[in-house]
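What follows is each chain in one-letter form.
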Amino acid sequence: MEEELKCPVCGSLFNEPVILPCSHNVCLACARNIIVQTPEGETPPPNRSSGTSDYDYLDMDKMSMYSETDSGYGSYTPCLKSPNGVRVFPPTLVHRHCSITCPLCHRSVSLDERGLRGFSRNRLLEAIVSRYQQSRAASVKCQLCDRNPVDATVMCEQCDVYYCAPCQQRCHPSRGPLAKHRLVPPTQAQAVSAQPAGASARRQATCVDHESENYSMYCVTCKTPVCYQCLEEGGHGKHDVKQLAVMWKQHKCHLSQALNGVSDKAKEAKEFLVQLKNLLQQIQENGVEFEACLVAQCDALIEALTRQKAKLLTKVTKEKESKLKTVKDQITHCTMKLRQTTGMMEFCLEVIKENDPSGFLQISDALIKRVQASQDQWVKGALEPKVCPEFALNINTDPLMQSILQLDFTQCKETPTVPPAPLLQLEKCCTRNNSATLAWRITTVQALPVEGYVLELDDGNGGPYREVYVGKETVCTVDGLHFNSSYNARVKAYNSAGVGSYSKVIVLKTSDVAWFSFDPTSAHRDIVLSNDNQTVTCNSYDDRVVLGTAAFSKGVHYWELIVDRYDNHPDPAFGVARINTMKDMMLGKDDKAWAMYVDNNRSWFMHNNSHTNRAEGGITKGSSVGILLDLTKHTLTFFINKQQHGPMAFENLEGVFMPAVSLNRNVQVTLITGLEVPKPIM
């Protein structure tokens, strides 16, 4: 607000401001300094096309200080010697032919015989400047500081004491009985205390033309306050005149409405600033993310180039080793033949030195043949290297180098798009037993980051897909699949723009036969497991149940149990069960297990405590008990020592089944899985 309270001539706060006809304000002293004289008898050119004396700038009508023929004339010359570029003249006597130019709008107006007294005093602006100076100059010290009092920050209206921040926290805390005291800023306290005196000291404004009369009316035509004598004696008699208080309230209302519009614009500007600050933060975050993506892309290129470099170096190494081996073999072979030839030559020379003709002739034929044969060994090409020192390998890096040098950003304004189809990494996808592990990655970096992935598998029979994983990870292991089944898998990515397309379908085949062990997590606490959970016994004389780690709902499955220890003729039970079968009784006594219990002489089938199909023949140490679960025919069959034992035990089996055994401390068995399926006797 301080700029609004400064004089445009001197640049200081207004001192005795007067209102010019153009509604701008200047100090009274500054107004005297910018008065200029016009040559006597010269009539300055009018500011309007008409020759009337109406001063029409900013809807201002003619003023009472103008003559009917004088439209005003003056001069305005910018100058660096004054704060606002206004040339300041020394005070001169006011003559009739004088004018004054507004330093803001550069409009000139001639002065009448009253001179500057014809301009109204802006007492409202003077009061505002006075209040502003008081508030700015107010510097109240804390009244409780012992030494070097600092400026007070609050004043308690009830205690009438000024406090700095530390003293207020120590001596006047905002709690207890002092919580209801009202703390105000020192400037506000000074303004409140000084208000009555200022209000009483301020006198009502008097008329410029009639100093003994106060303003009581407002001339709407001339837009100026007037007194009663102005209406009776002056030229306002035929003008539209209204009560001063009425027009005061009306103009205040208009100003308030205009301020509301400005306030709305200021509010919009603040919101726009918040939006710009948020935009700064978004640009910063997106810049960091984009830099990370760029680094990742460049690192991927470098990694791919490094892998290819390793492959090429391997090829060069193999070629070098092959050449070296060939040359070394040729050196060895040639050295051996040379040694043989040299030895034979030395022997022949010794024979030639022999003087016994008969002895020479006895061996000469054989030597001649040997020499000829040795000569035949050195055929054409035998003394030529089989390989050349140069490598018949060539690599052209020019296209790749050109592509790297041309690598740059593409300037395009594209709308946010959904992620591309992920790429399933075949080298990382695998199956084990009835579990499948899949891995994938995004090939290109998009403007919007990927928020997650959706992995889908069919039912193993080419049926509809179903979601098996939704999340941010790029590796997923799916357990509990069917054995000897082929599953189709696909994955898609999604972000805030939507869901992308599916990847290519990959086919995963589970194990033909089931490999599993006993499950320690679901076993009874008396069960004792060993041999990587393949061997089981019990600490109790009562029967306890243990389940396998595999669950079957389709296919044909076969496994065996070898009896490692069999004492005192117990009757262990073997079969299948639901996961929630009872673990503290013999297998088959509830409706969630299907079993065959057997001793050393005979066996029975049991389900829901119903005993059926007694069969002769039992088990001993070293016997094998086989279980054949055929879920294509929904049947269960038992074998002892590779032979089917009894008829088909159970039919119409539906649902999910787990291998199960019940035994006591007199029995120990070992589980054997991954076996071929035998053919039962129908």
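Residues numbered from 1 in each chain as written. Predicted model: local features only at pLDDT ≥ 70, side-chain atom pairs only at ≥ 80, totals over all residues. Heavy atoms only, no water.

Enquirer: How would you explain the overall build of the protein chain if you had to name every residue and give the values?
Expert: Counting its secondary structure elements, the protein chain contains eight helices and 33 strands. Across the 682 residues that make up the protein chain, the buried fraction comes to 34%. Put simply, of all contacts in the protein chain between residues at least 6 apart along the chain, 59% involve residues at least 24 apart. Carbon and sulfur atoms make up 54% of the accessible area of the protein chain, which amounts to about 42,600 Å² in all. (Helix = DSSP H or I, 4+ residues; strand = E, 2+ residues; numbered from the N terminus. Buried < 20%, exposed > 50% of the residue type's maximum accessible area, 1.4 Å probe, protein only. Contact = heavy atoms within 4.5 Å. Areas by Shrake-Rupley, 256 points an atom, 1.4 Å probe, with all protein chains shown as cover.)

Enquirer: Talk me through the sheet that holds strand 28 (residues 610-616); I want residue IDs and the actual numbers.
Expert: Across a sheet, strands are paired by hydrogen bonds formed along the backbone, either parallel or antiparallel in direction. Here six strands make up an open sheet; going across it, the order is 23-32-25-26-27-28 and the pairing antiparallel. Edge positions in the sheet fall to strand 23 (544-547) and strand 28, since each of these pairs with one other strand and no more. In this sheet, neighbouring strand axes are inclined to one another by 20 degrees on average, regardless of whether the strands run parallel or antiparallel. Two strands pair when backbone bridges link them, and strand 27 (residues 602-607) and strand 28 are joined in this way by five bridges, in the antiparallel orientation. For Arg602, the partnering residue across the bridge sits in strand 28 and is Glu616. (Pairing = 2+ DSSP bridges. Axes fitted to C-alpha atoms, helices over the stretch in contact; angles between N-to-C directions.)

Enquirer: Could you give an account of the pattern of salt bridges, with specific residues and numbers?
Expert: Side-chain pairing between opposite charges can occur once the charged atoms of the two side chains come close. Under the criterion given, the structure shown has 17 salt bridges. The partner of Asp542 in a salt bridge is Arg544, and the shortest N-O contact between them spans 3.9 Å. Taking the relative accessible area as the measure of exposure, Asp542 reaches 46% and is therefore partly exposed. Its relative accessible area of 11% is what places Arg544 among the buried residues. (Salt bridge = Lys/Arg side-chain N within 4 Å of Asp/Glu carboxyl O.)

Enquirer: With reference to specific residues and values, describe the state of the cysteines.
Expert: Tallying each qualifying case throughout the model produces zero disulfides. Cys145 takes part in no disulfide bond, and the closest cysteine sulfur to it belongs to Cys142, at a distance of 3.6 Å. Free of any disulfide, Cys156 has its nearest neighbouring cysteine sulfur in Cys159, separated by 3.5 Å. (Disulfide = S-S within 2.5 Å.)

Enquirer: So what's going on with the packing of aromatic side chains? Which residues, and what values?
Expert: Aromatic ring pairs are described here by two measures, namely the spacing of the ring centres and the angle between the planes. Counting across every chain of the model gives twelve aromatic pairs. Taken together, the ring pairs connect Phe483, Phe516, Phe552 and Trp559 into an aromatic cluster. Cation over ring: Lys323 sits above Phe391, and NZ or CZ is 5.8 Å from the ring centre. The ring of Tyr541 carries the charged tip of Arg665 above its face, separated from the ring centre by 4.7 Å. (Phe/Tyr/Trp six-rings, centres within 6.5 Å; stacked < 30°, edge-to-face > 60°. Lys NZ or Arg CZ within 6 Å of the ring centre and 35° of its normal.)

Enquirer: Any details on the sheet that holds strand 8 (residues 183-184)? Residues and values, ideally.
Expert: The three strands lie next to each other as 7-6-8, forming an open sheet whose pairing is antiparallel. Sheet topology places strand 7 (161-163) and strand 8 at the edges, where each strand pairs with a single neighbour. Across three bridges, the pairing between strand 6 (residues 154-156) and strand 7 is antiparallel. Residue pairing across strands places Val154 opposite Tyr163, the latter belonging to strand 7.

Enquirer: Please give an account of unusual backbone geometry that cites residues and values.
Expert: Even without a glycine there, the phi angle at Glu16 is positive, about 55 degrees. Despite not being glycine, Asn531 has its phi angle at roughly 55 degrees, a positive value. Here Asn531 is to be found in the loop between strand 21 (527-530) and strand 22 (535-538). By relative accessible area, Asn531 is classed as partly exposed at 48%.

Enquirer: Could you give an account of the environment of Pro173, naming the residues involved and the relevant values?
Expert: Checked against the element boundaries, Pro173 lands in the loop between helix 3 (165-171) and strand 8. Discounting chain neighbours no more than four positions away, the residues touching Pro173 are Gln168 and Leu178.

Enquirer: Residue-level account of the side chain of Ser503, with values.
Expert: Structurally, the position occupied by Ser503 is in the loop between strand 19 (498-499) and strand 20 (506-509). Beyond its immediate sequence surroundings of up to four residues, Ser503 is in contact with Ala421, Pro422, Leu424, Arg490 and Val491.

Enquirer: Residues and numbers for the nonpolar core, please.
Expert: Phe552, Trp559, Leu561, Leu629, Leu636 and Val669 are the most contacted members of the largest nonpolar core, which totals 38 residues. If you list the elements that add at least two residues to this core, you get strand 22, strand 24 (556-566), strand 25 (573-577), strand 26 (593-598), strand 29 (624-630), strand 30 (635-640), strand 32 (658-663) and strand 33 (667-672). For this core, the element with the highest residue contribution is strand 24, accounting for four residues. One finds Cys98, Cys105, Leu111 and Leu125 within the second-largest nonpolar core, a separate group that totals 26 residues. (Core = buried A, V, L, I, M, F, W, Y, C linked by side-chain atoms within 4.5 Å.)

Enquirer: Could you give an account of the pairing of strand 32, with specific residues and numbers?
Expert: With six of six residues buried, strand 32 is to be regarded as a mostly interior element. Both faces of strand 32 are covered, namely the face carrying Met658, Ala660 and Ser662 and the face carrying Pro659, Val661 and Leu663. Direction of pairing for strand 23 relative to strand 32: antiparallel, over a ladder of four bridges. Its bridge partner lying in strand 32, Val546 is registered against Val661.

Enquirer: So what's going on with the confidence of the model for the protein chain? Which residues, and what values?
Expert: In this model, the protein chain carries a mean pLDDT of 82, and residues with pLDDT of at least 70 account for 86%. Here residues 43-95 scores under 50 on pLDDT; set against residues more than four positions off or in separate chains, the count is 104 contacts. A low-confidence stretch, residues 194-201 stays under pLDDT 50, and its non-local contacts, those more than four residues away or across chains, total zero contacts. (pLDDT = per-residue confidence, 0-100.)

Enquirer: Which residues make up the side chain of Ser540, and what values do they have?
Expert: Turning to its location among the elements, Ser540 is positioned in the loop between strand 22 and strand 23. Owing to a relative accessible area of 12%, Ser540 belongs among the buried residues under this scheme. For Ser540, the side chain forms a polar contact with the main-chain nitrogen of Asp542, separated by 2.9 Å. Once residues lying within four places of it in the same chain are set aside, the contact partners of Ser540 are Asp526, Asn664 and Arg665. (Polar contact = N/O pair within 3.5 Å; in protein donor to acceptor, adjacent residues only side chain to side chain.)

Enquirer: Describe in detail the packing of helix 6 (residues 244-352) against helix 7 (residues 357-377), supporting the description with residues and values.
Expert: For the pair helix 6 and helix 7, interaxial distance at closest approach is 11 Å and the crossing angle is 155 degrees. Relative to helix 7, the element helix 6 lies roughly antiparallel. Helix 7 is crossed by helix 6, and the crossing has left-handed handedness. On helix 7, the residues touching Lys337, Thr341, Met344, Phe347, Cys348, Val351 and Ile352 of helix 6 are Phe360, Ile363, Leu367, Arg370, Val371, Ser374 and Gln377. (Parallel < 35°, antiparallel > 145°, perpendicular 65-115°, else oblique. Left-handed = near helix turned anticlockwise from the far one by under 90°.)

Enquirer: Pulling in residues and values, what's your account of a nonpolar patch on the surface?
Expert: A cluster of nonpolar side chains, Phe272, Leu273, Leu276, Leu279 and Ile283, forms an exposed patch at the surface whose accessible area comes to about 460 Å². You can see Phe272 is positioned in helix 6. (Patch = residues over 30% accessible without salt bridge, like charges linked within 9 Å, V, L, I, M, F, W, Y side chains within 5 Å.)

Enquirer: How would you summarise helix 6 if you had to cite specific residues and measurements?
Expert: Its 109 residues give helix 6 an end-to-end C-alpha distance of 157 Å, which sits within 8% of 162 Å, the value for a rise of 1.5 Å per residue. Restricting attention to buried positions, one finds in helix 6 the residues Met247, Lys323, Gln330, Lys337, Thr341, Met344, Cys348 and Val351. (Expected span 1.5 Å × (residues − 1).)

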